[in-house]
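Summary of structural features
Residue-level listing of the chains:
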There are 2 protein chains.
Amino acid sequence: MIVLSSPKGWTGSKFVDGLQIEGTFRAHQVPLQIDDDHPGHLELLEERLKSYRPEELFDERGRLLEELAELAPVGERRMGANPHANGGLLLKDLVMPDFRKHAVEVPAPGTVKAADTYVLGEFFRDVAKLNRKQRNFRIFGPDETLSNRLNAVFEVTNRQWDARTQDNDAFLDSDGRVMEMLSEHQYEGWLEGYLLTGRHGLFNSYEAFIHIIDSMFNQHAKWLKVTSGIPWRKKIASLNYLLASHVWQQAHNGFTHQDPGFIDHVVNKKASIVRVYLPPDANCLLAVWDHCLRSRHYVNVVIAGKYKAPQWLSMDEAVKHCTAGIGKWHWASNDGDAEPDVVMACCGDVPTLETLAAVSILREHLPELKVRVVNVVDLMKLQPASEHPHGLSDEHFDALFTRDKPIIFAFHGYPSLVHQLTYRRANHDNLHVRGYKEEGTITTTFDMTVLNELDRYHLVMDTIDRLPQTGDNGARLKQQLTDKLQEHFVYIRKYGLDMPEILNWKWIN
Amino acid sequence: MIVLSSPKGWTGSKFVDGLQIEGTFRAHQVPLQIDDDHPGHLELLEERLKSYRPEELFDERGRLLEELAELAPVGERRMGANPHANGGLLLKDLVMPDFRKHAVEVPAPGTVKAADTYVLGEFFRDVAKLNRKQRNFRIFGPDETLSNRLNAVFEVTNRQWDARTQDNDAFLDSDGRVMEMLSEHQYEGWLEGYLLTGRHGLFNSYEAFIHIIDSMFNQHAKWLKVTSGIPWRKKIASLNYLLASHVWQQAHNGFTHQDPGFIDHVVNKKASIVRVYLPPDANCLLAVWDHCLRSRHYVNVVIAGKYKAPQWLSMDEAVKHCTAGIGKWHWASNDGDAEPDVVMACCGDVPTLETLAAVSILREHLPELKVRVVNVVDLMKLQPASEHPHGLSDEHFDALFTRDKPIIFAFHGYPSLVHQLTYRRANHDNLHVRGYKEEGTITTTFDMTVLNELDRYHLVMDTIDRLPQTGDNGARLKQQLTDKLQEHFVYIRKYGLDMPEILNWKWIN
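Residues numbered from 1 in each chain as written. Chains lettered and ligands numbered in written order. Predicted model: local features only at pLDDT ≥ 70, side-chain atom pairs only at ≥ 80, totals over all residues. Heavy atoms only, no water.

**A short note on the overall build of chain A**
Spelled out, the test is: Each helix is a run of DSSP H or I of at least 4 residues and each strand a run of E of at least 2, with the numbering of both proceeding from the N terminus. Only protein chains enter the accessibility calculation, which uses a 1.4 Å probe; a residue is then buried when its area is under 20% of its type maximum, exposed when over 50%, and partly exposed in between. The criterion used for residue contact is that any of the two residues' heavy atoms lie within 4.5 Å. The Shrake-Rupley method, run with a 1.4 Å probe, gives the accessible areas here. Residue values count only the displayed protein chains as cover. Neither His nor the chain ends is counted toward charge; the positive residues are Lys and Arg and the negative residues Asp and Glu. Charge placement uses NZ in Lys and CZ in Arg. For Asp and Glu, CG and CD serve respectively.
For chain A, the count of helices and strands is 15 helices and 17 strands. Dimensions of chain A, computed from the C-alpha atoms along their principal axes, are close to 95 × 60 × 45 Å. Each of the 509 residues in chain A was classed as buried or not, and the buried ones make up 56%. A fraction of 74% describes how many contacts in chain A between residues 6 or more apart in sequence connect residues 24 or more apart. By element, 53% of the accessible surface of chain A is carried by carbon and sulfur atoms, the whole surface being about 23000 Å². Within chain A, the 69 negative side-chain charges are centred at a point lying 4 Å from the centre of the 57 positive side-chain charges.

Written as structure tokens, this is what we have:
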């Protein structure tokens, strides 16, 4: 290695207006202003340019001398033509396992439980295995491969580690495909470089802490936008984020670990680049990742749960649902082919669970109510088609959400994001969104939803408030649920656990 | 200094389920799960707790032995009672100069020009001078004190610098009140520590790069929210951000330096904590900062211009306008006391300039049109009063923006933020927002607004589109402006400067 230490602004102007430029901090800005306010600067510029002795470099016709031109490298050796600087040229498709083989068996909605990211880990394991020879797939994450439950990956590979090892070290290897170090900055930078040079990968992070690389994400998204319009630039693999250990799963970490706002940050970037997915269960998560790992030149943000939770869709249903990106769940709705009284929409794993639990309460206590359940996997479906390539047409949106019925929307993130995406929709005035509103502490999983009024009881109460036709029955149910919330308050303080009826709740088909 | 290197999980369980815990990475998580799935763990816990030999520490009644209790410090020496850990106890008000003395003389709107942050620098200089003895005010910023034009500060203080100096170093001093180093992380951390221990300060940054500390801001905002509810915690000085060199002033830096989204990130935090200001001129900027430096326990984000630009309000007018936070500019409106045909709203220095230039075009070409100009300094005025303590009542909002007339809103940041804040307002359906939409490059200042359709010509065309009554005259004007945009396109490519009619435009009173 040769280290060259050169003066800042070397070969630039030595002094300007009596101040030293070359070799000082002043060389950082614009050392020579060429305008009416700076007479004499044009002469300084001429002097400086002549100091390079152009008469020795160019012939009389102004052409670079041939013997000098020959010094420059040719073909791919030219800096601008190096294929490693145009990674799409080197990009090889990943050898993809069949994600359907990893499907969780779901005989009927809600009948089995699984930990979504654990299932995904088995899929990633196979991706790592199948691409071992190609050596073009890596998982990057600050100490979170196990914490986000991608354990299975370590069955076939290890953490890349080139230094000494000690007793008790686990999963370290000089040729591992998992990169771990407690620095989000390091990972974002490494992953971007890995993608830009024609490889594939993903960033596996705690949801709240991905904000650490907000600014780095910005630059990569801007780069993708600009290079999309440059014909000689080949597309590269997408920048994929897996955000687990999310805001609703921070039981023992608490308020500091709760921030679902990375997607708010992401959607400010160009719609042609950004994609956001919130799969409600493991089969949807698999279908989404199969797509993300095959996609090009996007930023894909996927938010997923890591704890055991009810599974809703069979693999066939999941593939259909994720391909559509949004849809009515007929098995959870009782509006038949008619207009519903209310649309219960949900986006994210925990909001989906709470919505279905709310629907089961409505079914029991207000069975005459026609409820439609709509689940959103692909968040950008909510935006108008004019704003985002994934956006639903107004006709399609209105068909799902109606033009005039109340919508109770349980959302994974900050509620304002849903309003931001849907304010142009016909039925926006009837849209009522629940989500994270910066209320949280170290408490039970269910209590987190209660603190933010995203829980099943609040969702039912919201519904009753917007449906005066529920009358006395509605008022009675509302009172029961208010009492239930009080019971919950007392119970978790006494036992440190959620009430059995919460822990043991099951969807009845 | 004593450095103690201890095993991770020292004095915890040595082995659990056959795996070493103490001294290994495993001590980081929950080493002992006490539940039905882990029989034997309760015994391990008991064994571990007994290893501390409680019988030597407590008497028969379970009280800590007196000679041990006496070892602990008392009063303010207790860690939890150390006043430096409850900085509000130590907080002394800043000695404040009269900001009115720094006023720019504005005989009539638009008649003089000034560089807003340069004027602010003179105010900060006096704050630094007046609090020199108290030693409780610092300006933090990554190499941007001069770049953001706070030059005057260096008349009375320097950059804090404890290492060796060299020839050509400028403004370095072992007792400077300005902290500079090219690390936003360092500054955010230092400033937070400075505030938490009872001092005052501000973070002076390029707008786009403040995203670097998004995650750190999160934690401070959460801390402010939680401690607001703890009675023994005294309030501390606000965390103040000055974001200059903003998205519309990146002529020679370009697309990488354009991101007005920090405020989108900020407004997701608790409304009781966050405040966002976009003063349209120097006098407003002074009035806002006088407030910010006196305020407690907030996060104040202030966005300001650094280049010479027209000044609109006298100091008396600025104080009234900033106290209200939002208001009709009567001198720029021609709707008298009647309902206008259109509301031209603006928020931010460049959008205000473009809006006024658009109004002057409308006045000349469509003089019969009744135009109301509304300027927003305090962004949170837009939100309903139920959502933010600064939010306007619906009555007040409707009186300003009407309930049914088109609103053409020129906004400094991403347009969706204005929709997010106003979607509940009666006239939201008529609100048309222009702002930054991720279009930019290294170009002229005016061209940046053209690329994002925030310029005077687009604002006039937007107005005509929403006012069919402008008829043939409107259509003709629209065609003229389309031609004008084409002229602009050609002119800047030829001369590298904006057209003279842009550079020399003046508001005519």
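On we go from here.
**Focus: the relation of the copies chain B and chain A**
Stated formally: Only residues with pLDDT of at least 70 in both copies contribute their C-alpha atoms to the least-squares superposition of the copies.
Aligned on chain A, chain B shows an RMSD of 0.1 Å; the corresponding rotation is 180 degrees and the shift along the axis is 0.0 Å. The superposition of one copy onto the other is thereby described by a two-fold rotation axis. If distances are taken from each C-alpha of chain B to the rotation axis, the shortest is found for Gln420(B), at 2.5 Å. Counting the interface residues of chain B, we find that 100% of their copies in chain A are interface residues as well, pointing to one common contact surface.

**Quick word on a nonpolar patch on the surface**
All names here are of chain A. The condition that has to hold: Only residues whose relative accessible area exceeds 30% and that form no salt bridge enter a patch; like-charged residues are grouped when within 9 Å of one another, and nonpolar side chains (Val, Leu, Ile, Met, Phe, Trp, Tyr) when within 5 Å. Think of a salt bridge as a Lys or Arg side-chain nitrogen and an Asp or Glu carboxyl oxygen that are within 4 Å of each other.
A contiguous nonpolar patch, built from Leu49, Tyr52, Leu57, Phe58 and Leu64 and spanning about 430 Å² of accessible area, is present on the exposed surface. Mapping Tyr52 onto the fold places it in the loop between helix H1 (41-50) and helix H2 (66-69). A relative accessible area of 36% places Tyr52 in the partly exposed class.

**A closer look at the pattern of salt bridges**
Counting across every chain of the model gives 62 salt bridges over all chains. The partner of Glu180(A) in a salt bridge is Arg159(A), with the nearest N and O atoms 2.8 Å apart. Placement of Glu180(A) in strand E7 (residues 178-180) and of Arg159(A) in strand E5 (residues 159-160) is noted, with a sequence separation of 21 residues between them. Put simply, Lys222(A), Lys269(A), Asp259(B) and Glu438(B) are held in one network by salt bridges that share partners.

**Looking at the packing of helix H9 (residues 349-365) of chain A against helix H13 (residues 456-466) of chain A**
How two helices sit against one another is set out by the angle between their axes and by the gap between those axes. All names here are of chain A. As a reminder of what qualifies: Angles here are taken between N-to-C directions and fall from 0 to 180 degrees, while the axes themselves are lines fitted to C-alpha atoms, restricted in helices to the stretch in contact. Should an angle fall under 35 degrees it is called roughly parallel, over 145 degrees roughly antiparallel, and 65 to 115 degrees roughly perpendicular, with every other angle called oblique. Left-handed describes a crossing whose near helix is turned anticlockwise from the far helix through less than a right angle; right-handed describes the clockwise counterpart. Throughout this entry, Asp, Glu, Lys and Arg are counted as charged residues, while Ala, Val, Leu, Ile, Met, Phe, Trp, Tyr, Cys and Pro are counted as nonpolar. The remaining residues, Gly among them, count as polar.
Following both chains from N to C, one finds H9 and H13 inclined at 55 degrees, their axes separated by 8 Å at the closest point. Taken together, the axes of H9 and H13 are oblique relative to one another. Like other packed secondary-structure pairs, H9 and H13 cross with a definite hand, here right-handed. Between H9, through Leu353, Glu354, Thr355, Ala357, Ala358, Ile361 and Leu362, and H13, the contact on the second element is made entirely by Arg456, Tyr457, Leu459, Val460 and Thr463. When its residues are assigned to classes, the contact of H9 with H13 shows 8 nonpolar, 2 polar and 2 charged.

**As for the interface of chain B and chain A**
The line we're drawing: As used here, buried area is the combined drop in accessible area, with a 1.4 Å probe, of two parts when they are placed together. Under this definition, polar contacts are N or O atom pairs within 3.5 Å; protein pairs additionally need one hydrogen-donor-capable and one acceptor-capable atom, and for neighbouring residues in sequence, both atoms have to be side-chain atoms.
The interface is formed by 37 residues belonging to chain B together with 37 residues belonging to chain A. For the pairing of chain B and chain A, the buried interface totals around 3500 Å² over both sides, and the portion due to carbon and sulfur atoms is 47%. At the junction of chain B and chain A, the tally comes to 10 salt bridges. Where chain B packs against chain A, one counts 37 residue pairs in polar contact (both at pLDDT 80 or more). The residue inventory of the side of chain B that touches chain A, partitioned by class, reads 9 nonpolar, 17 polar and 11 charged.

**Side note on the side chain of Arg425(B)**
Residue and element names in this part refer to chain B. Looking at the secondary structure, you find Arg425 in the loop between helix H11 (415-422) and strand E17 (431-434). Of the polar contacts made by the side chain of Arg425, one reaches the backbone oxygen of Gln383; its length is 2.7 Å. Among residues more than four places away in sequence, those in contact with Arg425 are Lys381, Leu382, Gln383, Pro384, Gly391, Leu392, Ser393, Asp394 and Phe397.

**Details of the pairing of strand E8 (residues 200-206) of chain A**
All names here are of chain A. Here is the rule we go by: When DSSP finds two or more bridges between a pair of strands, those strands are recorded as paired.
Where burial is concerned, most of E8 is hidden: 7 out of the 7 residues are buried. Alignment of strand E4 (residues 137-141) against E8, held across 4 bridges, turns out to be parallel. Following the sheet pairing, Phe140 is matched in E8 by Phe203.

**Focus on the sheet that holds E17(B)**
Residues and elements named next belong to chain B. Strand order in the open sheet made by the 5 strands is E13-E15-E14-E16-E17, with mixed pairing throughout. On the outer flanks of this sheet lie strand E13 (326-328) and E17, each paired with one strand and no other. Within this sheet the neighbouring strands show an average axis-to-axis angle of 20 degrees, counted without direction. Note: strand E16 (residues 407-411) against E17, 4 bridges, orientation parallel. Counted as the bridge partner of Ala410 is Arg434 from E17. With respect to the sheet, helix H13 (residues 456-466) is in contact with strand E14 (342-347), E16 and E17, its orientation differing from that of E16 by roughly 160 degrees.

**Section: the environment of Thr227(A)**
All names here are of chain A. Its place among the elements puts Thr227 in helix H5 (residues 214-228). The exposure class of Thr227 is buried, given its relative accessible area of 4%. Separated by 70 residues in the primary sequence, Thr227 and His297 have C-alpha atoms spaced 9.2 Å apart. Among residues more than four places away in sequence, those in contact with Thr227 are Arg233 and His297. In this structure the side chain of Thr227 is engaged in a polar contact, spanning 2.8 Å, whose partner is the backbone oxygen of Trp223.

**As for the packing of helix H4 (residues 184-196) of chain A against H5(A)**
Residues and elements named next belong to chain A. For the pair H4 and H5, interaxial distance at closest approach is 10 Å and the crossing angle is 15 degrees. Classed by the angle they form, the pair H4 and H5 counts as roughly parallel. Considering how the two elements wind past one another, H4 and H5 form a crossing that is left-handed. Residues His185, Glu188, Gly189, Glu192 and Leu196 of H4 pack against Met216, Phe217, His220 and Trp223 of H5. Within the contact of H4 with H5, the residues separate by chemical class into 4 nonpolar, 3 polar and 2 charged.

**A few points about the state of the cysteines**
Our working rule: Here, two cysteine sulfur atoms that lie within 2.5 Å of each other are counted as a disulfide.
The full count for this structure, using the stated rule, is 0 disulfides over all chains. As a non-bridged cysteine, Cys346(A) has Cys347(A) as the owner of its nearest cysteine sulfur, 8.1 Å distant. Lacking any disulfide linkage, Cys322(B) is separated from the closest cysteine sulfur, that of Cys284(B), by 3.8 Å. We classify Cys322(B) as buried; its relative accessible area is 16%.

**With respect to the domain arrangement of chain A**
Operational definition: Annotation comment: domain bounds sourced from an automatic or database domain assignment.
What the domain assignment lists for chain A is domain 1 (15-72), domain 2 (109-309) and domain 3 (328-503). Centre-to-centre separation of domain 1 of chain A and domain 2 of chain A, based on C-alpha positions: 47 Å.

**Some points on helix H3 (residues 116-130) of chain A**
Residues and elements named next belong to chain A. Let me state the cut-off plainly: Helix span is expected to be 1.5 Å times the residue number reduced by one.
Between its first and last C-alpha atoms H3 spans 22 Å; for 15 residues at 1.5 Å apiece the expected length is 21 Å, and the two agree. Taken across its 15 residues, H3 has 11 buried, putting it largely inside the fold. Those residues of H3 that are buried are in contact with strand E3 (113-115), E4, E8, strand E9 (239-244), helix H7 (282-294) and H9.

**Re the nonpolar core**
Residue and element names in this part refer to chain B. This is how it is decided: What makes a nonpolar core is a set of buried Ala, Val, Leu, Ile, Met, Phe, Trp, Tyr and Cys residues whose side-chain atoms join them at distances within 4.5 Å.
Within the largest apolar cluster, 81 residues are counted, with the highest numbers of intra-cluster contacts made by Phe123, Phe124, Trp289, Leu293, Met344 and Val373. Sorting elements by how many residues they give to this core places helix H7 (residues 282-294) first, with 9 residues. With residues up to four places along the chain from it excluded, the contact list for Phe123 reads Met96, Pro97, Phe99, His102, Leu286, Trp289, Asp290 and Leu293.

**Considerations on the confidence of the model for chain A**
Filter applied, for reference: The quantity known as pLDDT measures the predictor's confidence residue by residue, on a range of 0 to 100.
Put simply, chain A has an average pLDDT of 96, and 100% of its residues get 70 or more. In the predicted complex, the global pTM is 0.95; the interface-specific ipTM is 0.94.

**Concerning the pairing of strand E15 (residues 371-376) of chain A**
All names here are of chain A. Most of E15 sits out of view: 6 of its 6 residues are buried. Residues of E15 alternate between two faces, with Val371, Val373 and Asn375 on one and Arg372, Val374 and Val376 on the opposite face, all of them buried. Two strands pair when backbone bridges link them, and strand E13 (residues 326-328) and E15 are joined in this way by 3 bridges, in the antiparallel orientation. Residue Ile326 lies in a different strand from E15, and its bridge partner there is Val376. The pairing of strand E14 (residues 342-347) with E15 spans 5 bridges and is parallel. From the neighbouring strand, Val343 faces E15, where its bridge partner is Arg372.

**Some details on H13(A)**
An α-helix turns once per 3.6 residues; consequently, residues spaced three or four apart project the same way. Residues and elements named next belong to chain A. Most of H13 sits out of view: 9 of its 11 residues are buried. Within H13, the full set of buried residues consists of Arg456, Tyr457, His458, Leu459, Val460, Met461, Asp462, Thr463 and Ile464. N-cap assignment for H13: the residue whose side-chain oxygen lies 3.0 Å from the backbone N of Tyr457 is Asp455.

**A word on unusual backbone geometry**
All names here are of chain B. For Asp17, which is not a glycine, the phi torsion comes out positive at approximately 50 degrees. By the secondary structure assignment, Asp17 is in the loop between strand E1 (15-16) and strand E2 (19-20). Notably, Glu438 is not glycine yet its phi reads approximately 60 degrees, a positive angle. Turning to its location among the elements, Glu438 is positioned in the loop between E17 and helix H12 (445-451).

**Focus: the environment of Glu67(B)**
With respect to the helices and strands, the residue Glu67(B) is situated in helix H2 (residues 66-69). Through-space distance from the C-alpha of Glu67(B) to that of Leu57(B) is 9.6 Å; in sequence the pair is 10 residues apart.

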